Amino acid sequence: MTGADMALPAQDERTLPAVVLRDVNTRPLDQVLTELQAVVEAHGHVVVVCSPATPAPVLRRLHTLRSLLESDRIALFRPDLPPLAVAVLARQLRQLASCDIGPGVLASAGRLLTHYLHAGALLGSVARLDRVPVDLKQHAKSWLPGSQFAVLAHPQPQLVRLGPDAMLDGPEFGTWMLVARGQLPSDWVTTTLAPAWRVQGLREAPLPAESGRWWGTGKLVEFCTFLPDLSVLYQLVTSVRRGTCHWCGIDVIGDRCVFCSATPPAPEARPALTRRT
């Protein structure tokens, strides 16, 4: 992780602790390089998880570090999710890291597990929201005093103005919900949305520093539902067909190796058959 606020507390006793690369872009390059190299040598492979709202200088520094180490054992994973959901996903990978799963499969599992997350927020304004489609009517209403909007960013974008019958489409399977409160004084997420979605457990966490940038406002309550049980996560990941990266040789799931970015080679074209006359 690139920020301590994205390293959520352990979900269970087997969850491995997160390694936080602090101040990646402000500390001397050689200092951060030495730290990352030590992490790679200690663990063999490293998956750096960061959100789409991570500042560009931090991303550039991460790519520089990976290039200087000339290592295919470092994967940069940046899922298209709000910051709180990225933190949840990173914790799920920390849970799975305690199992007998190879580094390539573990890193690839991040893309698989995003399909089981529902991530959104209650916003006091959508005037600066550019991650979810906002029509002109909704944009105009966001300027009215007291307006609030329930927004689902993943898996399918949805935006409704808060009212007596306002609701978002939720998961069709049992989940827990994590809530992070910003500067919006509202209990709608915990008292209305969570019961409607029939969540089986509810926890709260500090709001990630990058959430305000991602949602376009600090007046928000961010939420994410997820599968908390390690046995369920393990079954999901191990039930997917595995392949071997033709470039670096590690086992992966999916069509791209997250460490070396190689994709399966295209099948060789067969010669055209000609008919004898």
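For the structure, see preceding data.
In this section: the overall build of the protein. Across its full length, the protein carries eight helices and ten strands. Expressed as lengths along the three principal axes of its C-alpha atoms, the size of the protein is roughly 70 × 70 × 35 Å. Among the 277 residues that make up the protein, the fraction classed as buried is 48%. Sequence-distant contacts in the protein: of pairs separated by 6 or more residues, those separated by 24 or more amount to 72%. Within the structure as shown, the protein displays about 14600 Å² of accessible surface, and the carbon and sulfur contribution to it stands at 51%. Treating the 27 positive side-chain charges of the protein as one cloud and the 24 negative ones as another, the clouds have centres 5 Å apart.

Counting residues in hydrophobic clusters, the biggest one holds 35 residues, and the most contacted among them are Leu96, Leu117 and Val237. Of all the secondary-structure elements, those providing two or more residues to this core are α3 (83–96), α4 (103–113), β6 (176–181), β8 (220–226) and α8 (230–238). In this structure, Ala150, Leu168, Trp188 and Phe223 belong to the second largest nonpolar core, which totals 17 residues.

Let us now look at the packing of α4 against α8. A pair of packed helices can be characterised by two numbers: the angle between their axes and the separation between those axes. Their axes nearest at 10 Å, the elements α4 and α8 cross at an angle of 100°. As judged from the angle between their axes, α4 and α8 are roughly perpendicular. Residues Val105, Ala109, Leu112 and Leu113 of α4 lie in contact with α8, whose contacting residues are Leu233, Leu236 and Val237. Residue composition of the contact of α4 with α8, grouped by class: seven nonpolar, no polar and no charged.

Turning our attention to the packing of aromatic side chains. Where two aromatic rings form a pair, the distance of their centres and the angle of their planes describe that pair. Tallied over the entire structure, the rule returns three aromatic pairs. With a centroid separation of 6.0 Å and 65° between ring planes, the pair formed by Tyr116 and Phe173 is classed as edge-to-face. Of this pair, Tyr116 sits in the loop between α4 and β3 (118–123) while Phe173 sits in the loop between β5 (158–161) and β6, and the two are 57 residues apart along the sequence. For Tyr116, a relative accessible area of 26% corresponds to the partly exposed category. A centroid spacing of 4.6 Å and a plane angle of 65° characterise the contact between Trp214 and Trp215, whose relative ring orientation is edge-to-face. Residue classification places Trp214 among the buried positions, given a relative accessible area of 3%.

Turning to the environment of Thr26, a few remarks are in order. Within the fold, Thr26 resides in the segment before α1 (29–43). For the pair Thr26 and Val58, spaced 32 residues apart in the sequence, the C-alpha separation amounts to 8.7 Å.

A word on the packing of α3 against α8. At a minimum axis separation of 10 Å, α3 and α8 run at an interaxial angle of 85°. When the axis of α3 is compared with that of α8, the two are roughly perpendicular. Mapping the contact onto sequence places Gln92, Gln95 and Leu96 in α3 and Leu230, Leu233, Tyr234 and Val237 in α8. For the contact of α3 with α8, the class distribution of residues is five nonpolar, two polar and no charged.

Here four bridges tie strand β1 (residues 46–49) to strand β2 (residues 74–77), and the two strands are oriented parallel to one another. Its bridge partner lying in β2, Val46 is registered against Ile74. Remark: the β1/helix α2 (residues 56–69)/β2 crossover connection has right-handed handedness.

This brings us to the side chain of Thr175. Mapped onto the secondary structure, Thr175 falls in the loop between β5 and β6. With a relative accessible area of 1%, Thr175 lands in the buried category. If we ignore the near neighbours within four places in the chain, the residues touching Thr175 are Val199, Gln200, Gly201, Thr225, Phe226 and Leu227.

Time to look at the pattern of salt bridges. A full pass over the atoms with the stated rule returns three salt bridges. Measuring nitrogen to oxygen at the nearest pair gives 2.8 Å for the salt bridge that ties Arg27 to Glu35. Residue class for Glu35 comes out partly exposed when judged on its relative accessible area of 26%. Across the pair Glu204 and Arg181 runs a salt bridge whose closest N-O atoms are separated by 3.1 Å. Taken together, the residues span a long stretch of sequence, with Glu204 in strand β7 (residues 201–204) and Arg181 in strand β6 at a distance of 23 residues. Assessed through its relative accessible area of 31%, Arg181 is described here as partly exposed.

Rules behind the numbers
Residues numbered from 1 in each chain as written. Predicted model: local features only at pLDDT ≥ 70, side-chain atom pairs only at ≥ 80, totals over all residues. Heavy atoms only, no water. Helix = DSSP H or I, 4+ residues; strand = E, 2+ residues; numbered from the N terminus. Buried < 20%, exposed > 50% of the residue type's maximum accessible area, 1.4 Å probe, protein only. Contact = heavy atoms within 4.5 Å. Areas by Shrake-Rupley, 256 points an atom, 1.4 Å probe, with all protein chains shown as cover. Lys, Arg positive; Asp, Glu negative; His and termini not counted. Charge placed at Lys NZ, Arg CZ, Asp CG, Glu CD. Core = buried A, V, L, I, M, F, W, Y, C linked by side-chain atoms within 4.5 Å. Axes fitted to C-alpha atoms, helices over the stretch in contact; angles between N-to-C directions. Parallel < 35°, antiparallel > 145°, perpendicular 65-115°, else oblique. Nonpolar A, V, L, I, M, F, W, Y, C, P; charged D, E, K, R; others polar. Phe/Tyr/Trp six-rings, centres within 6.5 Å; stacked < 30°, edge-to-face > 60°. Pairing = 2+ DSSP bridges. Right-handed = clockwise from strand over helix to strand, strands pointing away. Salt bridge = Lys/Arg side-chain N within 4 Å of Asp/Glu carboxyl O.

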